[in-house]
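Here are the chains, one letter per residue:
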Amino acid sequence: MELAHIFRGNTSRVYSIFTKARRGEHISLVFLGSSITMGYLIEEQHQFTTIVKEYFSRTFHNDDISCHNLSAPGMPSLHGLHLAYTELEPYAPDLILIDYAVNDQKNHMCRDAYEGLLLKCLDLSTKPAVISFFVKTKKGYTCAPQMSAVCEYYGVPYVNIGTWLEEDMQAGIMRWRDYSYDGCHPGPVGHGYIGRCLLRFLENLSQTPSTPAAALPSKGFYNNELARLRFLPTAWKHTPECHMAPLELDVECRTAFIGYFVGITKDYGTACLSLDGEPYHFMDSYRVHEWEHPVYEVVSLSKEKKMHRISLDMQKGENEKCFRLICLAII
């Protein structure tokens, strides 16, 4: 493992956690990611999330450590962004560790979502330390380059575990078949490897003088607007038994952030987002080759912010099918 794959960034918040842990105070760890962080076909005792929790307990002789793994399979940064707005505050996180490198896509929507996620986490009332780590698939897929650029811009520490792994495999230290069950998901040995990388990273941060706290840049790197979403009160669920009236809202905005559930049975249907009375965006919630899970989309409505009438209704001919809206937010 080479320290070249570590970016320390601004360590003031991380140091505050170390200080708090030494005093024996409660530490809340939150993990955000997809199936790798969730733990795919692996017992909790072998997961790297457990390894990190035990590191804090062992290093600081502190048993008051809670670990909240909010990861979900198949999810990109858009899911983490939604959680940052709706679920993180009650956990009062001291440290948030983020992993979406193999589930994000290399497009502007995921880049914007990841940037918004970092900023929203940093802005939580507990002022947590935020750390990112990047893994990669057997074929080499990773969004580490676009994510590390955002981290460096905002001074968010990160560790590139995917590159470490690749180099250790080239040196004969690790084999992919030992690391992973398949082309992506780590097994017990792989989780142990990720855990060691994270611990090496945390130990390196603890042995380096803390940097002074610094204000975040006012200008975004890609686009920091998704850190300023305004969520609208919605509870729209259409079923064959309960035909919902169209959801209609008059709002000043130029972008919409939409979340909805998809499923694998044919009773999942398509809803239509209309803009100012005209069909604008169709959302098909039927995915025959997937599983029931949330999907998030960022939809551009206009170049400038202005008053729009947004309505949501089932597509013509789909009234006997289901559609469940998770969230609707605007900028």
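The rules behind each value
- Residue positions are given per chain, counting from 1 as you read along its sequence in written order.
- Where local features are concerned, this predicted model is filtered to residues with pLDDT of at least 70; where side-chain atom pairs are given and counted, the filter is 80 or more; whole-chain, interface and lining totals use all residues.
- With hydrogens and water excluded, all non-hydrogen atoms of the structure serve as input to the side-chain values.
- In this analysis the probe radius is 1.4 Å and the grid spacing 1 Å, with only protein atoms considered; a cavity is a set of points the probe fits into but cannot get out of, a pocket is an open set with protein on both sides within 12 Å along at least five of seven lines, and lining residues have an atom within 4 Å of a point.
- Grid points are joined across faces, edges and corners, and a volume is the space filled by probe spheres set on the points.
- The helix count covers DSSP runs of H or I at least four residues long, the strand count covers runs of E at least two residues long, and both are numbered beginning at the N terminus.
- Here an angle of 0 to 180 degrees is reported between the N-to-C directions of two axes, which are lines fitted to C-alpha atoms, with helices fitted over the stretch in contact.
- The hand of a helix crossing depends on one turn: near helix anticlockwise from the far one by less than a right angle means left-handed, and clockwise means right-handed.
- Between two residues, a contact is recorded if the distance between any of their heavy atoms is within 4.5 Å.
- Burial classes: relative accessible area under 20% of the type maximum marks a residue as buried, over 50% as exposed, and values in between as partly exposed (1.4 Å probe, protein chains only).
- Any two strands with at least two DSSP-identified bridges between them are counted as paired.
- Joining through side-chain atoms within 4.5 Å is the link that ties buried Ala, Val, Leu, Ile, Met, Phe, Trp, Tyr and Cys residues into a set, and such a set is a nonpolar core.
- Think of a salt bridge as a Lys or Arg side-chain nitrogen and an Asp or Glu carboxyl oxygen that are within 4 Å of each other.

> Hey, could you run me through empty space enclosed by the protein in this one?
Within this structure, the stated rule accounts for one cavity of 30 Å³ or more. Looking at the largest cavity, its volume works out to about 40 Å³. Lining of the largest cavity is provided by Leu247, Ile258, Leu273, Ile310, Ser311, Leu312, Leu325 and Leu328. Listing elements by their share of the lining of the largest cavity, those giving two or more residues are strand S14 (306-314) and strand S15 (323-330).

> How should I be thinking about the packing of helix H5 (residues 108-122) against helix H6 (residues 144-154) in this particular structure?
Two quantities define a packed helix pair, namely the angle between the axes and the distance from one axis to the other. For the pair H5 and H6, the least separation of the axes is 10 Å and the interaxial angle reads 35°. Between H5 and H6 lies a crossing of right-handed hand. Here H5 contributes Arg111, Tyr114, Glu115, Leu118 and Leu119 to the contact with H6, which in turn contributes Gln146, Met147, Val150, Cys151 and Tyr154.

> Please clarify how the environment of Thr126 should be interpreted in this entry.
As for its position among the elements, Thr126 is in the loop between H5 and strand S5 (129-134). Residue class for Thr126 comes out partly exposed when judged on its relative accessible area of 30%. Along the chain, Thr126 and Leu95 lie 31 residues apart, while their C-alpha atoms are 9.6 Å from each other.

> Help me understand H6 in this model?
Since the α-helix turns once every 3.6 residues, residues separated by three or four places project in the same direction. For H6, the full list of buried residues reads Ala144, Gln146, Met147, Ser148, Val150, Cys151 and Tyr154. On its buried face, H6 is in contact with strand S1 (6-7), helix H4 (77-86), H5, S5 and strand S6 (158-160). Count one or two residues on from H6 and you reach Gly155, which has phi positive near 75°.

> Would you explain the sheet that holds S6 in this entry?
If you walk across this open sheet you meet the six strands as S1-S6-S5-S4-S2-S3, and the pairing is mixed. Only two strands of the sheet have a single partner each, and these edge strands are S1 and strand S3 (65-69). Pairing of strand S4 (residues 95-99) with S5, which is carried by four bridges, proceeds in the parallel orientation. Along S5, the bridge assignment pairs Ile98 with Ser132. Across the sheet, helix H9 (residues 188-206) lies against S1, S5 and S6, angled at about 140° from S5, the strand it touches most.

> Help me understand the pairing of S14, please; the structure alone is not making it clear to me.
Regular strands show a simple pattern: their side chains alternate between the two faces of the sheet. Bridge count for strand S9 (residues 247-253) against S14 is seven bridges, and the pairing is antiparallel. Across the sheet, Leu247 pairs through a bridge with Leu312, a residue of S14. Pairing of strand S11 (residues 270-275) with S14 involves five bridges; the strand directions are antiparallel. Within the sheet, the bridge partner assigned to Cys272 lies in S14 and is Asp313.

> Looking at this model, I keep getting lost on the nonpolar core. Mind explaining?
Grouped burial of nonpolar side chains is what soluble globular proteins tend to show. Counting residues in hydrophobic clusters, the biggest one holds 39 residues, and the most contacted among them are Phe56 and Ile161. Those elements that place two or more of their residues in this core are helix H1 (12-22), strand S2 (27-33), helix H3 (48-60), S4, S5, helix H7 (161-170), helix H8 (176-179) and H9. For this core, the leading source of residues is H9, giving eight residues. Beyond its immediate sequence surroundings of up to four residues, Ile161 is in contact with Phe133, Phe134, Val135, Tyr193, Ile194, Cys197 and Leu198. Core analysis: the second largest hydrophobic core is formed by 30 residues, Ala84, Ile98, Ala101 and Phe134 among them.

> Looking at this structure, how should I read the pattern of salt bridges?
Pairs may arise between side chains of opposite charge once their charged atoms sit close together. For the structure on display, the rule yields nine salt bridges. Asp94 is the partner of Lys20 in a salt bridge, and the nearest nitrogen-oxygen pair spans 2.8 Å. Taken together, the positions of Lys20 in helix H1 and Asp94 in the loop between H4 and S4 put the pair 74 residues apart, joining distant regions of the chain. Given a relative accessible area of 10%, Asp94 falls into the buried group. Two residues, Glu225 and Arg254, come together in a salt bridge whose shortest N-O distance is 2.4 Å. Of this pair, Glu225 sits in the loop between H9 and strand S7 (230-231) while Arg254 sits in the loop between S9 and strand S10 (255-262), and the two are 29 residues apart along the sequence. Taking relative accessible area as the criterion, Glu225 reaches 16% and is therefore assigned buried. Here Arg254 falls in the partly exposed class, since its relative accessible area comes to 22%. Each of Glu248, Asp250 and Arg309 takes part in a single network of salt bridges with overlapping partners.

> Would you take a moment to explain the sheet that holds S14 for this structure?
On the basis of which strands lie adjacent, the open sheet formed by four strands has the order S9-S14-S11-S12 and antiparallel pairing. Both outer strands of the open sheet, S9 and strand S12 (278-284), are each paired with one neighbouring strand and no more. Direction aside, neighbouring strands of the sheet carry axes that sit 25° apart on average.

> What am I meant to see in the side chain of His191 here?
One can find His191 in helix H9. Given the relative accessible area of 1%, His191 is considered buried. The contact partners of His191, leaving out residues within four places of it in the chain, are Ile36, Gly39, Ile42, His46, Gln47, Phe48, Ile51 and Pro186.

These results come straight from atomic positions and should not be treated as a statement about function.
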